[in-house]
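Chain and residue survey
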Amino acid sequence: MDLLRIAKKYALVNAVLHNGKANPDAVIKKIVIENPAIRNDLKDPEKRNFIKETIFKVVSEINRLSIEDQEKILKKEFNLSVEELLEAKSKKTRVGLPPLPDADKYTKIVTRFAPAPSGALHIGQFLRAAYLSYIYARKYNGEFVLRVEDTDPKRIKKIYYKWIQEDLKAMGLHWDKLVYESDHFDLYYKLTRELFLKGRAYICTCSTEEFSKYKEQKKSCPHREKLDKVEDWDKLVNGEYQFRSAVIRLKTDMKHINPALRDPPIMRLIKNVPHPRTGYKYTLYALYNFACVIEDHMLNITHVIRAKEHQTNEDIQKEIYQAFGWQLPTFIEYGMIKLPGMKIHKRYIRNALRQGDLSGWEDIRLPTLRALLRRGIHPEALKKLAEHVGMTKNDIEVSLETLYTFNRQILSPIAKRISFVKEPYRIIISEVEEPIEVKMDWIPGNPKAGKRYYRLLPVEENGKKSIEVFISKDDLNVIHNAMKSEDIIRLKELGNIQIININEQEKTIEAKLHSRKVIPGISKIHWVPGEDLYIPAIVNMPDGSRIKGLTELEAQKLEKGDYIQMERFGFGRIDANEGEIIIIAYAHP
């Protein structure tokens, strides 16, 4: 067994699948799986130390490379691509999109996505409720309905109506029909009256605590037989009953084995909050389950795709369907997606906004679609992730690294390259007799994208001609090692230099130009030109921190929204080009 080669292979594989950083333990596990005989060597302390040291060294070398270089080496030396690795990984982890149950039962498939205008859409809503409903409608040449659930004036805001549509359009999800539940309040009143006529509804003015006691005791509340006439409903609608609070309950069975099905509420009285679209016109608002059943029935929804935590809601809705004598749609449930590191609940976001802890729903710390898009997560990457996780009923945990890998695949051919250095150190490069012209591809492999061009003019001082560039403090270890060993290092696309002196107090490095030809095997670092060829930049990170530094002057040609890849630093998107400074939203390594 060639330990170095196999370690290199699995270090590269692990690195490209995990944002460019391989894990030595994961590499060892892969080597053991491929070569079981190595288990015996690992039992011997001396051999075990040698194996681990070798693997740690290889992993360290691989982790110093850019992801682009890792992918190139993996393809060149082992004939493996990121796409092949992802496909293999997907076969192990995903269920995918199975055929739609009961599809042959309907002449036309109709699905819906029904968000409430209570905030911006987040990744959890998109990955399944929105995307799966949309993609199945398209797969079966059916109809996709966007239904805005705006029956709770206490939770909704006018601006969110617009944002829901903007977010879905930004993701490339186009609906066939747009429906507002608030357009159907008269219909809800009419159908509620029908339930009173059937003896299936009544007005309840019990407090929540009072009714809970009746439920526990499996006893009817005092209002069940007193306020169950259609005349009572008419008086409530006309304002003749001046109740401070009241709900309309569906008559079911107060001894039902499932407490949730003991006379569930279907409408409630809200007098003091105007609705964004109807003002104070209505005071009785349908609750979620009631509105949901009516809308799904009227829209001929064939398949309701939703999270399995809606099981109780589904049971209540079946009671409502039965009360009206309507046919049930096909219910499809999926499990919860856990995204470690992301707080996706709107409740958390709303509280943080009210406390001033966030700048808005687009704050790049958030998992909202508009925040992720702002960071530079491409819509197609989110779609790939949605299909990757599929529609399993099991709860699953999805690493954000998977999303980042998909995003890197999509952005690599389209993102413009720029150099960015944080905590810049100035390098004065002497023995430069002639101007140095540097041409760098905006997008490697795409000549149509053009090049960034710099002409570095040597400045004479004390009889010496030199140019200056800036590098990141992160590369100081490379500089120190090169000076100690008297090695040369390469400034990408510019040339090879030899380090003479390092003054960390003044953040200045002296070097001399060695040559410009490409020399295989030497360390490479990126740089930003000095003199007047740089511009300040700020990179806003997803954890809320801000990294200040310098970027190259050609970045001034970039516009807000442009996808970029900062050399050896990561992907992102131009958040603002303010002329004197560039603001960048960071996506991932």
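For the structure given in this document, a descriptive report is provided here. Here the structure is a predicted model, which means the values were calculated and not measured.

Across its full length, the protein chain carries 18 helices and 28 strands. Over its C-alpha trace the protein chain gives a radius of gyration of 31 Å, far above what one expects of a compact globule, namely 25 Å for 589 residues. Projected onto the principal axes, the alpha-carbon positions of the protein chain cover approximately 105 × 60 × 45 Å. Of all 589 residues assigned to the protein chain, the portion counted as buried reaches 53%. Summarising the internal contacts of the protein chain: among those between residues at least 6 apart in sequence, 68% fall at separations of at least 24.

A word on the packing of helix 12 (residues 288-298) against helix 13 (residues 311-324). One can describe the packing of helix 12 onto helix 13 by two numbers: an axis separation of 9 Å at closest approach and a directional angle of 55 degrees. Compared by their axis directions, helix 12 and helix 13 come out oblique. Here helix 12 and helix 13 pass one another in a crossing that is right-handed. Of helix 13, the residues touching helix 12 (which contributes Tyr288, Asn289, Phe290, Cys292, Val293, Asp296 and His297) are Asn313, Ile316, Gln317, Ile320, Tyr321 and Phe324. The residue makeup of the contact of helix 12 with helix 13, split by class, is eight nonpolar, four polar and one charged.

The grouping of Glu431, Glu433, Glu434 and Glu460 at the surface amounts to a negative patch. Mapped onto the elements of the fold, Glu431 is located in the loop between strand 14 (424-430) and strand 15 (436-441).

A sheet is described by the order of its strands in space; here seven strands give the open sequence 12-26-27-28-24-25-13, paired in mixed fashion. A single partner strand is all that each edge strand has here, and the edge strands are strand 12 (416-418) and strand 13 (420-422). With strand direction ignored, the average angle separating the axes of adjacent strands in the sheet is 40 degrees. Across three bridges, the pairing between strand 13 and strand 25 (residues 546-552) is antiparallel. Residue pairing in the sheet places Phe420 in a bridge with Thr551 of strand 25. In the packing of helix 17 (residues 400-411) onto the sheet, the strands contacted are strand 12, strand 26 (563-566), strand 27 (570-577) and strand 28 (582-588), and the crossing angle to strand 28 comes to about 125 degrees.

The subject of this paragraph is the side chain of Asn289. Following the sequence through the fold, Asn289 ends up in helix 12. Among the polar contacts listed, one links the side chain of Asn289 to the side chain of Asn313, at a separation of 3.2 Å.

Further remarks concern unusual backbone geometry. Residue Lys218 is not a glycine yet carries a positive backbone phi of 60 degrees. Along the polypeptide, Lys218 turns up in the loop between helix 10 (208-217) and helix 11 (230-237).

Quick look at helix 5 (residues 67-78) now. When the terminal C-alpha atoms of helix 5 are compared, their 16 Å separation across 12 residues agrees well with the 16 Å that a helix rising 1.5 Å per residue should span. Where helix 5 terminates, the next one or two residues include Asn79, which has phi positive at roughly 55 degrees.

Before going further, it helps to examine the nonpolar core. Ranked by internal contacts, the top residues of the largest apolar core, which has 51 residues, are Ile123, Phe126, Leu168, Leu382 and Leu403. For this core, the secondary-structure elements that each account for two or more residues are helix 7 (123-139), strand 2 (143-148), helix 8 (158-170), strand 8 (303-307), strand 9 (330-334), helix 15 (369-375), helix 16 (379-389) and helix 17. Broken down by element, this core gets its largest block of residues, 10 residues, from helix 7. With residues near it in sequence (within four places) discarded, Leu382 still touches Ile123, Phe126, Leu127, Met171, Leu369, Leu372, Ile377 and Leu403.

Bringing the sheet that holds strand 5 (residues 247-250) into the picture now. Strand order in the open sheet formed by four strands is 4-5-6-7, with antiparallel pairing between adjacent strands. Of all the strands in the sheet, the pair left with one neighbour each is strand 4 (201-204) and strand 7 (284-286). On average, adjacent strands in this sheet sit at an angle of 25 degrees to one another, irrespective of strand direction. One ladder, built from three bridges, connects strand 6 (residues 265-269) with strand 7; its direction is antiparallel. Looking across to strand 7, one finds that Met267 is bridged to Ala286.

Moving on to the pattern of salt bridges. Applying the stated criterion across every chain yields a total of 34 salt bridges. The partner of Arg147 in a salt bridge is Glu149, and the shortest N-O contact between them spans 3.5 Å. We note that Arg147, like Glu149, is buried.

Note that an α-helix has 3.6 residues per turn; residues three or four places apart therefore point the same way. Within helix 18 (residues 476-485), burial applies to Leu476, Val478, Ile479 and Ala482. One side of helix 18 holds all its buried residues, which, seen down the axis, span an arc of 160 degrees. Along its buried surface, helix 18 packs onto strand 14, strand 18 (464-472), strand 19 (488-491), strand 20 (495-503), strand 21 (508-515) and strand 22 (524-525). One or two steps after helix 18, the chain reaches Glu486, where phi turns positive at roughly 60 degrees.

Each value, and the rule that gives it
Residues numbered from 1 in each chain as written. Predicted model: local features only at pLDDT ≥ 70, side-chain atom pairs only at ≥ 80, totals over all residues. Heavy atoms only, no water. Helix = DSSP H or I, 4+ residues; strand = E, 2+ residues; numbered from the N terminus. Rg over C-alpha atoms; globule rule 2.2 N^0.38 Å. Buried < 20%, exposed > 50% of the residue type's maximum accessible area, 1.4 Å probe, protein only. Contact = heavy atoms within 4.5 Å. Axes fitted to C-alpha atoms, helices over the stretch in contact; angles between N-to-C directions. Parallel < 35°, antiparallel > 145°, perpendicular 65-115°, else oblique. Left-handed = near helix turned anticlockwise from the far one by under 90°. Nonpolar A, V, L, I, M, F, W, Y, C, P; charged D, E, K, R; others polar. Patch = residues over 30% accessible without salt bridge, like charges linked within 9 Å, V, L, I, M, F, W, Y side chains within 5 Å. Areas by Shrake-Rupley, 256 points an atom, 1.4 Å probe, with all protein chains shown as cover. Salt bridge = Lys/Arg side-chain N within 4 Å of Asp/Glu carboxyl O. Lys, Arg positive; Asp, Glu negative; His and termini not counted. Charge placed at Lys NZ, Arg CZ, Asp CG, Glu CD. Pairing = 2+ DSSP bridges. Polar contact = N/O pair within 3.5 Å; in protein donor to acceptor, adjacent residues only side chain to side chain. Expected span 1.5 Å × (residues − 1). Core = buried A, V, L, I, M, F, W, Y, C linked by side-chain atoms within 4.5 Å. Arc of directions from axis to C-beta.

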